[in-house]
There are 2 protein chains.
Amino acid sequence: MIGGRLKSLRGKKTQEEIANHIGVSRARYSHYENGRSEPDYETLQKLADYFKVTTDYLLTGKEKPSDEDMFSDPDLQIAYRDMQDFSPESKQQAIEFINYLKEKEKNRKPKNK
Amino acid sequence: MIGGRLKSLRGKKTQEEIANHIGVSRARYSHYENGRSEPDYETLQKLADYFKVTTDYLLTGKEKPSDEDMFSDPDLQIAYRDMQDFSPESKQQAIEFINYLKEKEKNRKPKNK
DNA sequence: TAACTAAGAAATTCTTAGCCC
DNA sequence: GGGCTAAGAATTTCTTAGTTA
């Protein structure tokens, strides 16, 4: 399960190195990689931080390692959710402003396409 | 921790309804909401599926409900997708404008709902 | 040196049953 | 009905110590 992902994320580093960084014993980390036990949520978070992936990725493997370049930043998502609660008028205003920015973007960098 | 998020996601549904859907006892689900215990990974996944959010969101609260079924206007969705291609500067501008509108909305209707 | 594991200890979760509002 | 929780049972994890390669 999550073990395999940990294994490949670790690469050529030793188990001890990872274990030290996240503050668990060697044996404990080994258990995680071999599926003998699963990390508690706190440790899972530390592992995700250390490997620079989301907990989602560790758990499901369905997301890609979200290194630096995440398309969808949280701020944008929050803004989007906010917009859904807007009155029709505000919604319209928001959309218009976004379209305005979109035009500006176009001119800034002449795209192919 | 994750309990609070479960609570708000549940809304006005009963604990029993959620519990039945994910296949755990009432008491067990109650424990999750009140932080007396934490769901194992399998149950966490079921909860995330049921509430249509990522496990990341349940664990950290940092991500949004998965945009899979962000219903609402198509126009808004298009605008959202456009924003993802924006430069950081334009993104920032868009977010600021949305926040400005958000404030305006707040003042428009001082009382809840 | 690095990784793995058996076995018991320790910690956590789950169930039952009941209580409260 | 709907939600909460004490106590013990059940399950899981963690540590130690030792084995394997």
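Per an unreviewed UniProt entry, the recorded name for chain A is XRE family transcriptional regulator, and the organism is Bacillus nakamurai.

## Thoughts on the protein's contact with DNA strand C
Around DNA strand C, the surrounding shell holds 18 residues, and the nearest of these are R10 and Q15 of chain A together with R28, Y32 and E38 of chain B. A share of 79% is what sugar and phosphate atoms reach among the atoms of DNA strand C within 4 Å of the protein. Between DNA strand C and N34 of chain A, the relevant distance is 3.3 Å, taken from a phosphate oxygen to a side-chain nitrogen or oxygen of the residue. Sorting the residues of the surface near DNA strand C by element identifies α1 (2-10) and α3 (26-33) of chain A together with α3 (26-33) of chain B as the ones contributing at least two each. Per element, the largest residue contribution to the surface near DNA strand C is four residues, and it comes from α3 of chain B. Residue composition of the surface near DNA strand C, grouped by class: three nonpolar, eight polar and seven charged.

## Some points on helix α4 (residues 41-51) of chain A
Here α4 of chain A has its buried residues at Y41, T43, L44, L47, A48 and F51 of chain A. On an axial view of α4 of chain A, the arc spanned by its buried residues comes to 160°, and they lie on one face. Contact partners of the buried residues in α4 of chain A: α1, α2 (15-22), α3 and α5 (55-60) of chain A together with α4 (41-51) and α5 (55-60) of chain B. Positive backbone phi, at 60°, marks K52 of chain A, one or two positions downstream of α4 of chain A.

## What about the side chain of T55 of chain B?
Position of T55 of chain B relative to the elements: it lies in helix α5. The class of T55 of chain B is buried, set by a relative accessible area of 2%. Not counting chain neighbours up to four residues away, the residues in contact with T55 of chain B comprise D56 and L59 of chain A together with L44, Q45 and A48 of chain B.

## Remarks on the packing of helix α1 (residues 2-10) of chain B against α4 of chain B
Residue and element names in this part refer to chain B. With their axes 11 Å apart at the nearest point, α1 and α4 run at an angle of 30° to one another. Considering their axes alone, α1 and α4 lie roughly parallel with respect to each other. Where α1 crosses over α4, the two elements pack in a sense that is left-handed. Contacts between α1 and α4 pair I2, L6, L9 and R10 from the former with L44, L47 and F51 from the latter. Across the contact of α1 with α4, the residue classes break down as six nonpolar, no polar and one charged.

## Looking at the protein's contact with DNA strand D
Neighbouring DNA strand D are 19 residues; H31 and E38 of chain A together with R10, Q15 and R36 of chain B lie closest to it. Here a phosphate oxygen of DNA strand D and a side-chain polar atom of Y32 of chain A are 3.1 Å apart. Contributing elements (two or more residues each) for the surface near DNA strand D: α3 of chain A together with α1 and α3 of chain B. Of all the elements, α3 of chain A adds the most residues to the surface near DNA strand D, at four residues.

Criteria and thresholds
Residues numbered from 1 in each chain as written. Chains lettered and ligands numbered in written order. Predicted model: local features only at pLDDT ≥ 70, side-chain atom pairs only at ≥ 80, totals over all residues. Heavy atoms only, no water. Near = heavy atom within 4 Å. Polar contact = N/O pair within 3.5 Å; in protein donor to acceptor, adjacent residues only side chain to side chain. Helix = DSSP H or I, 4+ residues; strand = E, 2+ residues; numbered from the N terminus. Nonpolar A, V, L, I, M, F, W, Y, C, P; charged D, E, K, R; others polar. Buried < 20%, exposed > 50% of the residue type's maximum accessible area, 1.4 Å probe, protein only. Arc of directions from axis to C-beta. Contact = heavy atoms within 4.5 Å. Axes fitted to C-alpha atoms, helices over the stretch in contact; angles between N-to-C directions. Parallel < 35°, antiparallel > 145°, perpendicular 65-115°, else oblique. Left-handed = near helix turned anticlockwise from the far one by under 90°.

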